[in-house]
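Residues per chain are reported as follows:
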Amino acid sequence: MVQSDKFKSDLVLTPDQITRLEEVYQGLRPKLTAGKEELDRLETGLSKLIAEGVAPEGDVMKMVDQVEHSRAELAKSRTLMIYRMHQILNVDQRAKMNALHDRWEQERRQVRRSPSK
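Below you will find a few notes about this structure. This is a predicted model, so every value here is computed, not measured. (Residues numbered from 1 in each chain as written. Predicted model: local features only at pLDDT ≥ 70, side-chain atom pairs only at ≥ 80, totals over all residues. Heavy atoms only, no water.)

**Examining the overall build of the protein**
Within the protein, the regular secondary structure consists of four helices and zero strands. Its C-alpha atoms give the protein a radius of gyration of 19 Å, clearly above 13 Å, the size a compact globule of 117 residues would have. For the C-alpha atoms alone, the extent of the protein along its principal axes is close to 55 × 40 × 20 Å. When each of the 117 residues of the protein is scored for burial, the buried share is 25%. Residue pairs at least 24 apart in sequence account for 64% of intrachain contacts in the protein once pairs closer than 6 positions are excluded. Accessible surface, the protein: about 8600 Å² in total, of which carbon and sulfur atoms supply 55%. (Helix = DSSP H or I, 4+ residues; strand = E, 2+ residues; numbered from the N terminus. Rg over C-alpha atoms; globule rule 2.2 N^0.38 Å. Buried < 20%, exposed > 50% of the residue type's maximum accessible area, 1.4 Å probe, protein only. Contact = heavy atoms within 4.5 Å. Areas by Shrake-Rupley, 256 points an atom, 1.4 Å probe, with all protein chains shown as cover.)

So this is what it looks like as structure tokens:
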């Protein structure tokens, strides 16, 4: 997470902040990884269930509930990580990080809109 030298220099992170940010990331990484794997597994199962088209609607809704619960748990873990990281940054660093994130999101959206070659 905090491996990017550009990220470190853009935010003017102190060595202590780098260490603490990495600890937050590494502390939640296993939970995020497991959550993503679980979500992927459940989504695959739901897709298969829908594609087969023979399961009772109640079974499909149960699977949908499981998928959405997994998605919500993953989002909560990610939000908690971001919150903990924000607590380590000062006000100026938070503003810079938000600007960097906005720019990254904008670039990502432009890539999605670009026609494939």
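**Thoughts on the layout of surface pockets**
One number sums up the size of the largest pocket: a volume of about 610 Å³. Looking at the largest pocket, it is lined by 17 residues, and the ones nearest its centre are F7, M97, L100, H101 and W104. Put simply, the parts of the chain that give the lining of the largest pocket at least two residues each are α3 (57-88) and α4 (91-113). In terms of residue count, α4 provides more of the lining of the largest pocket than any other element does, ten residues in total. Taken together, the residues that form the lining of the largest pocket break down as eight nonpolar, three polar and six charged. (1 Å grid on protein atoms, 1.4 Å probe; cavity = no way out; pocket = protein on both sides within 12 Å on 5 of 7 lines; lining within 4 Å. Points joined across faces, edges and corners; volume = space filled by probe spheres on them. Nonpolar A, V, L, I, M, F, W, Y, C, P; charged D, E, K, R; others polar.)

**Some details on unusual backbone geometry**
The backbone of V12 shows a phi angle near 55°, a positive value even though the residue is not glycine. Tracing the sequence through the fold places V12 in the loop between α1 (5-11) and α2 (15-52). Overall, V12 belongs to the exposed group, its relative accessible area being 54%.

**Looking at α3**
Look at α3: 47 Å from first C-alpha to last across 32 residues, which is about the 46 Å you get at 1.5 Å a residue. Listed as buried for α3 are V60, M63, V67, S70, L74, S77, M81, M85, H86 and I88. Among the structural elements, α2 and α4 are those in contact with the buried residues of α3. (Expected span 1.5 Å × (residues − 1).)

**Here's the deal with the side chain of S77**
Positionally, S77 belongs in helix α3. Sequence-distant contacts of S77, that is, excluding residues within four places in its chain, are made with L28, K31 and L32.

**Thoughts on the environment of Q17**
With respect to the helices and strands, Q17 occurs in helix α2. Residues within four places of Q17 in sequence aside, it is in contact with V12, I88, L89, N90 and Q93.

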